[in-house]
Amino acid sequence: MKIATFILAASALVAGHLSAGEIAPKDVRYDDYGAVETPLTSKAGDSANGAIVMKSKSIGNCIACHALADLNDAPFHGEIGPALDGVGDRWNEAEIRGIVSNAKMTFEGSMMPAYYKVDGFIRPGRGFTGKAADGPLTPLLTAQQIEDVVAFLLTQRE
């Protein structure tokens, strides 16, 4: 009985979440260059939350690979990816959304994680440790977190 109630509640939550205008990871449409024109949520991105996502080790941790002067309060900016100062002048909103969602759609050999992808992963852990996840995975960032990061990056102008 408890399991049935839990499943019903979870289904209602998911249905309510999707009816709020969220695009599921498998339904994101990338153009030929990896841009995503349609926002992933019906709620506008919040640039302050985007900054938090970018510098939080437990969420996006973007600065582990990218340097960005506006986030100088967070230590240990990386040098693997390009510096993000002025990124709002170099890319438009759709291009930034596409890169944050799945950079490999724009830059095939990118080391950047696909933050809004749930399938097509190689799971080598099963062969080495036996601990790779089975079944569907959740995206690294939510649709709203993607939109928040996009909103923040659009504020980064030269």
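Keep in mind that what you see is a predicted model, and the values were worked out from it rather than measured. (Residues numbered from 1 in each chain as written. Predicted model: local features only at pLDDT ≥ 70, side-chain atom pairs only at ≥ 80, totals over all residues. Heavy atoms only, no water.)

### With respect to the overall build of the protein chain
Within the protein chain, the regular secondary structure consists of six helices and zero strands. Counting only residues that meet the buried cut, the protein chain has 34% of its 158 residues in that class. Put simply, of all contacts in the protein chain between residues at least 6 apart along the chain, 56% involve residues at least 24 apart. Accessible surface, the protein chain as shown: approximately 9800 Å² in total, 61% of it carbon and sulfur. (Helix = DSSP H or I, 4+ residues; strand = E, 2+ residues; numbered from the N terminus. Buried < 20%, exposed > 50% of the residue type's maximum accessible area, 1.4 Å probe, protein only. Contact = heavy atoms within 4.5 Å. Areas by Shrake-Rupley, 256 points an atom, 1.4 Å probe, with all protein chains shown as cover.)

### Quick word on the pattern of salt bridges
If you walk through the whole model with that rule in mind, you get five salt bridges. As a salt-bridge pair, Arg-97 and Glu-93 come within 2.6 Å of each other at their nearest N and O atoms. Residue Arg-97 and its partner Glu-93 are both found in helix H4 (residues 93-102); the two are separated by four residues, about one turn of the helix. Across the salt bridge formed by Arg-97 and Glu-147, the nearest N and O atoms sit 2.7 Å from each other. Of this pair, Arg-97 sits in helix H4 while Glu-147 sits in helix H6 (residues 143-154), placing them 50 residues apart in sequence. One continuous salt-bridge network, built from bridges that share partners, spans Glu-93, Arg-97 and Glu-147. (Salt bridge = Lys/Arg side-chain N within 4 Å of Asp/Glu carboxyl O.)

### Re H4
Given 3.6 residues to a turn, an α-helix orients residues that are three or four positions apart in the same direction. Of all ten residues making up H4, eight are buried, and the element is well covered by its neighbours. Residues of H4 that are buried: Ala-94, Ile-96, Arg-97, Gly-98, Ile-99, Val-100, Ser-101 and Asn-102. Next to the buried residues of H4 lie helix H3 (87-90) and H6. With a side-chain oxygen positioned 3.0 Å from the backbone nitrogen of Ala-94, the residue opening H4 is Asn-92. (Polar contact = N/O pair within 3.5 Å; in protein donor to acceptor, adjacent residues only side chain to side chain.)

### What to know about the packing of aromatic side chains
Going through the model one piece at a time under the given rule, you end up with one aromatic pair. Between Trp-91 and Phe-107, the ring centres sit 5.8 Å apart and the planes meet at 85 degrees, which makes this aromatic pair edge-to-face. Separated by 16 residues along the polypeptide, Trp-91 in the loop between H3 and H4 and Phe-107 in the loop between H4 and helix H5 (125-128) bring together distant segments of the chain. According to the relative accessible area criterion, Trp-91 is partly exposed, its value standing at 27%. (Phe/Tyr/Trp six-rings, centres within 6.5 Å; stacked < 30°, edge-to-face > 60°.)

### Overview of helix H2 (residues 47-55)
Taken residue by residue, H2 has Gly-50, Ala-51, Val-53 and Met-54 as its buried positions. Burial along H2 is one-sided: seen end-on, the buried residues are contained in an arc of 160 degrees. Of the surrounding secondary structure, the elements contacted by the buried residues of H2 are H6. Two to three positions downstream of the cap, the backbone nitrogen of Ala-48 sits 2.9 Å from a side-chain oxygen, assigning the N-cap of H2 to Asp-46. (Arc of directions from axis to C-beta.)

### Points about the nonpolar core
With 27 residues, the main nonpolar core has Leu-40, Met-54, Leu-71, Ile-146, Phe-152 and Leu-153 as its most contacted residues. Mapped by element, the contributors of at least two residues to this core are H2, H4 and H6. Ranked by residues supplied to this core, first place goes to H6 with six residues. Contacts of Phe-152, omitting those with residues within four sequence positions, involve Ser-47, Gly-50, Ala-51, Met-54, Leu-68, Asp-70 and Leu-71. (Core = buried A, V, L, I, M, F, W, Y, C linked by side-chain atoms within 4.5 Å.)

### Some words on the confidence of the model for the protein chain
Of the residues in the protein chain, 81% have a pLDDT of 70 or more, and the chain-wide mean is 85. Throughout residues 1-19 the model reports pLDDT below 50, and contacts reaching past four residues in sequence, or to other chains, amount to one contact. (pLDDT = per-residue confidence, 0-100.)

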